[in-house]
Amino acid sequence: MSKIEWNHETFSKFAYLGDIRISKDGNQIAYVLTKASMKDNKYENTLVIEEIENESRKFIENASMPRFSPSGKKIAFMRSNEENKSVEVWLYDLTSMSGKKLLEAKNILNMSWNDDDRRILITGFKRREDEDFIFEDDVPVWFDNKGFFDGEKTTFWILDTESEEILEEFEAEKFASGIWHGDEVLYAQHHREEGKPAMFRFYDIFRYKEGESERIFEKVSYVPVDSNGKLVLLRGRPEKERLSEHDYLYIWDGREVKPLTEKFVYNNGAARLDKKGCVYFAMAKEGRVNLYKLSGEELISIVEENAWVMEFDVSDNGKIVLLKQTDTMPSEVFIWDGGLRQLTDYNGPILSRLKRRPIKHFRFKSLDLEMDGWYIKPDIKEGEKAPVVVFVHGGPKGMYGYYFKYEMQLLADKGFYIVFINPRGSNGYDEGFALRVLERTGLEDFQDIMNGIEEFFKLEPQADRGRVGITGISYGGFMTNWALTQSDLFKAGISENGISYWLTSYAFSDIGLWFDKEVIGENPLENENYKKLSPLFYADRVKAPLLIIHSLEDYRCPLDQSVMFYHVLKDLGKEAYIAIFKKGAHGHSLRGSPRHRAKRYKLIMEFFERKLVEGKEGFNVEEVLKGSE
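Residues numbered from 1 in each chain as written. Predicted model: local features only at pLDDT ≥ 70, side-chain atom pairs only at ≥ 80, totals over all residues. Heavy atoms only, no water.

Q: I'd like a rundown of the packing of helix α4 (residues 444-459) against helix α5 (residues 475-486), residues and numbers included.
A: To characterise two packed helices, one gives the angle between the axes of the helices and the distance between these axes. Interaxial distance between α4 and α5 falls to 11 Å at its minimum, and their mutual angle equals 75 degrees. One element, α4, and the other, α5, form an angle in the roughly perpendicular class. On the side of α4, the interface is formed by D445, F446 and I449, while α5 contributes Y475, M479, W482, A483 and Q486. When grouped by side-chain class, the residues that make up the contact of α4 with α5 number six nonpolar, one polar and one charged. (Axes fitted to C-alpha atoms, helices over the stretch in contact; angles between N-to-C directions. Helix = DSSP H or I, 4+ residues; strand = E, 2+ residues; numbered from the N terminus. Parallel < 35°, antiparallel > 145°, perpendicular 65-115°, else oblique. Contact = heavy atoms within 4.5 Å. Nonpolar A, V, L, I, M, F, W, Y, C, P; charged D, E, K, R; others polar.)

Have a look at this one:
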């Protein structure tokens, strides 16, 4: 029997679940099961359909985006066609499990059934697709994980599944989203001011019916996310001053918009509306993502524990199906019908052969605020000390907490303490906590991290202060760059897809024109923050070896950020290395190909091992990656 242990390829043994759905009658669920094939270097998607009562399963290979018809007799799904570089919409009869292809298109983003059990609203997009050049007269010119826009327009198709014909087709601005509301389609697109899109801050909402569009809301900060035919559920805010403000839920009855969740303080995530008007929603709170039901004024806890609810769906009779994970368990399927029970255990047999280390929580005071921190303790012999790796999340409005973080478990198994906190700016707290980082990125939030580390040292005397590393992605990559210029505590750093110079980020990033102006400040060409808060201008202070990892197709924190920092460090005679992955967007750490991810894990593991444990000079990548092809 082969031995299962923590290494750079262990992630490929896990099953990853996503896009969970439940039929309207609550008798069937569907979800996508994804496995990583190291041999073929690709991900294999299988659509799983389960009968809840008799616990039977049906499988459809190479399928994703499952959508039950209202009757529960049919299911639509998406299938990739690698040969044509397109995607196909398929329809299966759930009794006979026979199917037919309904539509083939280049880009499909979402689809949903009308209550007539026949029509499907499909959301996709179209571009110019000239074979020789890209042309744009709008901003931004590109977007992470999407590439160059090239005049992109969102396209909505209303498809009749019986005749297999598109009954209606209409276009909207890029990033438009739409839902059925009875026989109408409600869609939101970015509001424009002086010709420029107010990206992700203001929207115009339209009603489409029988070939005509009518604007029903102008310059609002919420979008329609669900409808029961009578009421529309909106998520966002009536009007945001800043993008970093929390999102809440509202109900529109066709006459007025009523607030639902503002009184609960915390940021709202995914939300659903049932036939009775009850609202179900996820809420980020102090390292948890829990699930609630709002029935009138009564708030009912569905999941309120040290866990993250990753996705959920609701039937007409109030059954809830959800994906939940914890710090020691990847996502599995659970169902709630007055009580919560687990339906799947895909990862149990693998996890039983691996030592998982639960996270330990601590609270501490940092400047003017109370903070949450966590750490993982490795196996240490009495009287010995262990090195430490500090993780910094993305964002800054990201959040750490009670979810399964592969890199943390991997490094803890290799003998490292793992420390991570939620500094000011993080999600999961009141709105003021999130906004405090704006125009001060790298100042008090960095002090929060340092204060959290000091509190950790008080709790764990076996942690070695002389062997501390730091790592993070995106904002975490920025903070890693920043930390090495601001403190001598860190003896090694791994900065991934981070920021080194805010001015070029503002001008080059897909979201720089609005995100950087909020986080760093207005008037980028004149504002001293764009230099003052940029690690690049303090590169001469770096003393620790730094490994920089970046993905070539990252348009969120583009490659220039890492190349600039690397070039300057090398010119100053510093110990620095750069690994540029040829493919992969900003989220390449999770969405890169299996071999890509394995090499990334190997680089991270070996760099900290060599610098914090063995104290070796240099970093021979051929030696490090030997056997990882």
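Okay, back to it.
Q: Could you give an account of the pairing of strand β8 (residues 98-105), with specific residues and numbers?
A: Regular strands have side chains that alternate between both faces of the sheet. Across seven bridges, strand β7 (residues 86-93) lies against β8 in antiparallel orientation. Within the sheet, the bridge partner assigned to D93 lies in β8 and is S98. Between the end of β7 and the start of β8, which pair antiparallel, lie four residues, with M97 showing a positive phi angle near 55 degrees. (Pairing = 2+ DSSP bridges.)

Q: Requested: an account of the side chain of H181, with residues and values cited.
A: Residue position: H181 is located in strand β15 (residues 177-181). When its relative accessible area of 12% is taken as the criterion, H181 is described as buried. Excluding anything up to four places from it in sequence, H181 contacts L186, S227, G229, K230, L231 and V232. (Buried < 20%, exposed > 50% of the residue type's maximum accessible area, 1.4 Å probe, protein only.)

Q: Can you lay out unusual backbone geometry for me, pointing to particular residues and giving the numbers?
A: Note the cis peptide between V139 and P140, where omega equals -10 degrees. With respect to the element layout, P140 can be found in the loop between β10 (119-126) and β11 (142-143). The amide bond that connects G395 to the next residue, P396, takes the cis arrangement and shows omega of 15 degrees. For E55, which is not glycine, the phi dihedral falls at a positive 55 degrees. Within the element layout of this structure, E55 appears in the loop between β3 (42-51) and β4 (56-61).

Q: Which residues make up the pattern of salt bridges, and what values go with them?
A: Inspection of every chain in the model, using the stated rule, returns 58 salt bridges. Put simply, D183 and R119 hold a salt bridge, and the shortest N to O gap is 2.7 Å. Remark: R119 occurs in strand β10 and D183 occurs in the loop between β15 and β16 (184-190); sequence separation between them is 64 residues. Overall, the relative accessible area of 47% leaves D183 in the partly exposed class. Overall, R119 belongs to the buried group, its relative accessible area being 17%. Salt-bridge contacts for R424 lead to D368; the nearest nitrogen and oxygen are separated by 3.0 Å. On the criterion of sequence distance, the pair formed by R424 in the loop between β35 (417-421) and α3 (431-435) and D368 in the loop between β32 (360-366) and β33 (369-376) is long-range, its members being 56 residues apart. The class for R424 is buried, based on a relative accessible area of 4%. (Salt bridge = Lys/Arg side-chain N within 4 Å of Asp/Glu carboxyl O.)

Q: Let's hear about the sheet that holds strand β1 (residues 16-22): which residues, and what values?
A: Within the open sheet, the four strands sit side by side as β1-β2-β3-β4. Their pairing is antiparallel. Two strands close off the open sheet at either side, each with one partner strand: β1 and β4. With direction set aside, neighbouring strand axes in the sheet form an average angle of 25 degrees. With 10 bridges connecting them, strand β2 (residues 28-37) and β3 associate as antiparallel partners. If you follow Y31 over to β3, its bridge partner there is V48. Contacts from helix α11 (residues 594-614) reach β1, β2 and β3 within the one sheet, and its direction differs from that of β3 by about 110 degrees.

Q: Before we move on, can you summarise the nonpolar core with the specific residues and values?
A: With 114 residues, the main nonpolar core has I418 and F490 as its most contacted residues. For this core, the element with the highest residue contribution is α11, accounting for eight residues. Discounting residues that sit within four places of it in the chain, F490 has contacts with V390, M450, I453, V468, G469, I470, A483, L484 and A544. Judged by nonpolar contacts, the second largest core, of 16 residues, contains L91, L102, A105 and I120. (Core = buried A, V, L, I, M, F, W, Y, C linked by side-chain atoms within 4.5 Å.)

Q: Outline the side chain of S64, listing residues and values.
A: Tracing the backbone through its elements, the reader meets S64 in strand β5 (residues 64-68). Looking at S64, the relative accessible area reads 19%, which means it is buried. Residues in contact with S64, not counting those within four places in the same chain, are V32, F77 and M78.

Q: Can you tell me about the sheet that holds strand β34 (residues 386-392), naming the residues and giving the values?
A: Here we have eight strands laid out as an open sheet, ordered β32-β33-β35-β34-β36-β37-β38-β39, and mixed in their pairing. Both outer strands of the open sheet, β32 and β39 (576-581), are each paired with one neighbouring strand and no more. Shown here is a sheet whose adjacent strand axes are inclined to one another by a mean of 20 degrees, direction ignored. As paired elements, strand β36 (residues 463-473) and strand β37 (residues 490-496) share six bridges and run parallel to each other. Following the sheet pairing, T471 is matched in β37 by I494. Strand contacts of α4: β32, β33, β34, β35, β36 and β37, with the helix running at about 125 degrees to β32, the strand carrying the most contacts.

Q: Please provide a residue-by-residue account of the packing of helix α2 (residues 406-413) against α11, values included.
A: Where α2 meets α11, the axes come as close as 11 Å, and the angle between the chain directions of the two elements is 40 degrees. As far as their axial angle goes, α11 and α2 are oblique. As for the relative orientation of α2 and α11, their crossing is right-handed in sense. Residue-level inspection shows Y406, E407, L410 and L411 of α2 in contact with α11, the latter providing R600, Y601, I604, M605 and F608. Tallied by class, residues from the contact of α2 with α11 come to seven nonpolar, no polar and two charged. (Left-handed = near helix turned anticlockwise from the far one by under 90°.)

Everything listed here is a matter of geometry and, on its own, says nothing about what the molecule does.
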